[in-house]
Every structure is written in structure tokens, then in C-alpha cells.
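Architecture and fold: a report
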Amino acid sequence: MQSADHLATSRYARMRWNTPLSQEHAALLLQRLDVRPGARVLDLGCGWGELLLRAVAAGGVSGPVATRGVGVDTDGAALARGRRLAADRSLNRHVAFVMGEVAAWQEPADRVLCIGSAHAFGGTGAALDALATLVRPGGRLLFGDAYWDRPPPPEVEQIFGPDVVTLPGLIEAARERGWRVLHLSTADQREWDDFESTWLAGRQEWLLTYPEDPRAADVRAELDDRLRQYVGGYRGILGLAYLVLGR
């Protein structure tokens, strides 16, 4: 039972955030997002909200007008982790984590983050349409979405579906919906490799510790399949773009 408990908590244990992003790149995105004192920050599909917590801290919580944040997700374990992180940083009075479907959220904010969650709205275009109603006038959106860096082979396209577009297609989708691109950057290869490695690492360590656990064979097969898919499939083909958008 103890090893099973460790398995449940190991899935994201080595990940800082669930996206290919370095600390330096994150700092750049937060700078471009330009969170102001007293702003309201919303993170849709927040996971455990590491970037949300940094955004709120960047806006300032000790002055006369405190920045506040809300993270929305359907993963209860991730939300619980976010609440622990907020408490550890004395941000629990400034950041709330809410269990819920991101597409159902209706309360707007000054700064909105939506990274890797366009699928929850029905795809890139639908997400950009819906998010336009959630960014207050003069606000900014940090939108992270996948794109094809080069044409995928059929087996790779099958993994991610037919709705992934190219980077020019992603930019055009934003422009067509009235968004202006204030910042564009993409995850580099080292960020992707680190993301994929840390996604695997917690459970790889679990396997090394509990090789005889009844779950070990299934976990080993899942992790081996993911590594094969990445290294032999979408590595260098699937990209991740980070756009800071305004209207």
C-alpha cells in the first residue's frame, strides 16, 4: 500500500509546471504579461498553479492594493498541491484554487493565463473566442498552445489529432479574432526534453524503488511507450508557442 501511495504522488513530483518551460523563459513571459498591483489574475487549466503563484507575487501582495489570483482545474490532487504551495509562500490569502470546468468559467480578470488547455474549450479557435470574454478591457492573455513545427507523419498526427495547426496558422487564428500579439516565443528543444524527462522521472524513480510492485509492469510499459513516442515520434515536430495577447 505504501508503494501505491507513492505511485499516486509520483506522477508530477519532478515537474515545476506541466508545460515545456524554463525558469528564465517563465520570467520573460511574466514580464511581458505585465501584472500590475491590484490586478486580478485568472489561470484556466492551472494544474497546481506554479505560474499563477509567480504572477500574483510579481504583481505584489504587500502594498495598499494586493494582487489576487484564481486557478481553475478539474484535477483535485493538483489543486491540493497548489493550495500547499500557496500556503508555503504566504499567498493563500491572495490565491484561490477552484475545482471546475474551465469552459464554464464566466468571471473576467485583468490578466488571464491559459496554457495547454485550448482543448477544454473545443480547440484553438473556440478557446481564443471564449477567452476574449474573460479578459477585461486593457487586459492581457498569456496563451500557450501546440503547433506543428514541421509536417507530422500520420502516426504522430494520430496522437494529437487533426486540429493542431502550424505556427503561422496559430498567429492568424489570433489575429482573425481581434487579438494583437504583444509577445511571441516558443519552447526550445532543451525545454521540451526537460519537460518530457520530468514527466517521466517521478514514476521512473518509483520503478527503481519498487520493482516488484504488482503495478510495476504496467507503469514500465506506459513510460516506455511515452518515451518511444517522444524520441521516435514528435520530438522536433510538435512545438509549443507562448503568446501574450491584447485586444
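Heads up: the structure comes first, above all this text.
All values reported here derive from a predicted model rather than from experimental measurement. Along every chain, residues carry numbers that run from 1 in the direction the sequence is written. In keeping with the predicted nature of the model, local features appear solely for residues at pLDDT of at least 70, side-chain atom pairs appear and are counted solely at 80 or more, and the whole-chain, interface and lining totals rest on all residues. Hydrogens and waters are ignored; side-chain quantities use all the structure's heavy atoms.

**Section: the overall build of the protein chain**
The secondary structure content of the protein chain amounts to 9 helices and 7 strands. C-alpha atoms define the radius of gyration, and 2.2 Å times the number of residues to the power 0.38 defines the globule rule. Relative to the compact-globule value of 18 Å for 247 residues, the protein chain shows a C-alpha radius of gyration of 19 Å, a close match. The principal-axis extents of the C-alpha atoms in the protein chain amount to approximately 55 × 45 × 30 Å. Counting every position in the protein chain, which comprises 247 residues, the buried fraction comes to 46%. In this description a helix means any DSSP run of H or I spanning at least four residues, a strand means any run of E spanning at least two, and both kinds are numbered starting from the N terminus. A simple rule labels every residue: compare its accessible area, found with a 1.4 Å probe on the protein chains alone, to the largest value its type can have, and call it buried under 20%, exposed over 50%, or partly exposed in between.

**Details of the side chain of Ser185**
For Ser185, the position within the fold is in strand β6 (residues 180–186). Under the relative-accessibility criterion, Ser185 is labelled buried at 13%. Pairs of N or O atoms are called polar contacts if they sit within 3.5 Å, as long as, within protein, a hydrogen donor faces a hydrogen acceptor (for residues adjacent in sequence, only side-chain-to-side-chain pairs). One polar contact links Ser185 to His25, side chain to side chain, over a distance of 2.7 Å. Here the side chain of Ser185 touches His183 through a polar contact of 2.9 Å, side chain to side chain.

**A closer look at the sheet that holds strand β7 (residues 238–246)**
With mixed pairing, the 7 strands of this open sheet are ordered in space as β3-β2-β1-β4-β5-β7-β6. Looking at the sheet topology across the chains shown, the edges are occupied by β3 (95–99) and β6. Strand-to-strand twist of the sheet, defined as the mean angle between neighbouring strand axes without regard to direction, takes the value 15°. On the sheet, helix α4 (residues 76–88) packs against β2 (68–73) and β3 and is oriented at approximately 170° with respect to β3. The pairing criterion for strands is at least two bridges between them, as found by DSSP. Only the stretch in contact is used when fitting a helix axis, every axis being a line fitted to C-alpha atoms; angles between N-to-C directions are given from 0 to 180 degrees. In this description, contact between two residues means that some pair of their heavy atoms is separated by no more than 4.5 Å.

**Regarding helix α7 (residues 167–176)**
Taken residue by residue, α7 has Leu170, Ala173 and Ala174 as its buried positions. Across the axial projection of α7, the buried residues extend over an arc of 95°, all falling on one side. Along α7, exposed side chains directed more than 90 degrees from the buried face belong to Pro168 and Glu176. Buried residues along α7 sit against α5 (124–132), β5 (135–148) and β7. The first or second residue beyond α7 is Gly178, which carries a positive phi of 90°. By construction, the arc corresponds to the directions joining the helix axis to the C-beta atoms.

**A short note on the state of the cysteines**
Two cysteine sulfurs form a disulfide in these notes if their separation is within 2.5 Å. All told, the structure shown has 0 disulfides when counted by the stated rule. Cysteine Cys46 remains unbridged, with the sulfur of Cys114 as its closest cysteine sulfur at 11 Å. The class of Cys114 is buried, set by a relative accessible area of 0%.

**Some thoughts on the packing of helix α2 (residues 23–33) against helix α3 (residues 50–59)**
Orientation of α2 relative to α3, taken along the N-to-C sense of each, is 50°, at an axis distance of 11 Å. As far as their axial angle goes, α3 and α2 are oblique. Our pair here, α2 against α3, has a crossing hand that is right-handed. On the side of α2, the interface is formed by Gln23, Ala26 and Leu30, while α3 contributes Leu51, Arg54 and Ala55. Each angle gets one of four labels, with under 35 degrees taken as roughly parallel, over 145 as roughly antiparallel, 65 to 115 as roughly perpendicular, and the rest as oblique. Crossing handedness is defined as follows: a turn of the near helix away from the far one that is anticlockwise and smaller than a right angle gives a left-handed crossing, while the clockwise case is right-handed.

**A closer look at the side chain of Asp43**
Locating Asp43 in the fold gives a position in strand β1 (residues 40–44). For the purpose of counting charges, residues Lys and Arg are taken to be positive, whereas Asp and Glu are taken to be negative. His and the chain ends are not included. Within this document, salt bridges are pairs made up of a side-chain nitrogen of Lys or Arg and a carboxyl oxygen of Asp or Glu, the two lying within 4 Å of each other. Look at Asp43: it is buried, it has no salt bridge, and the nearest opposite charge is Arg54 at 11 Å. Setting aside its immediate chain neighbours within four residues, Asp43 contacts Leu52, Val70, Gly71, Val72 and Leu113.

**Concerning the nonpolar core**
The definition of a nonpolar core used throughout is a set of buried Ala, Val, Leu, Ile, Met, Phe, Trp, Tyr and Cys residues joined through side-chain atoms within 4.5 Å. Counting residues in hydrophobic clusters, the biggest one holds 48 residues, and the most contacted among them are Leu51, Phe97, Leu142, Trp192 and Tyr242. Ranked by residues supplied to this core, first place goes to helix α8 (residues 189–209) with 6 residues. Contact partners of Trp192, with chain neighbours within four places excluded, come to Pro20, Ala187, Tyr230, Tyr234, Leu238, Gly239 and Leu240. Counting 24 residues, the second-largest nonpolar core is a separate cluster that includes Val112, Val135, Leu141 and Trp179.

By themselves these figures say nothing about function.
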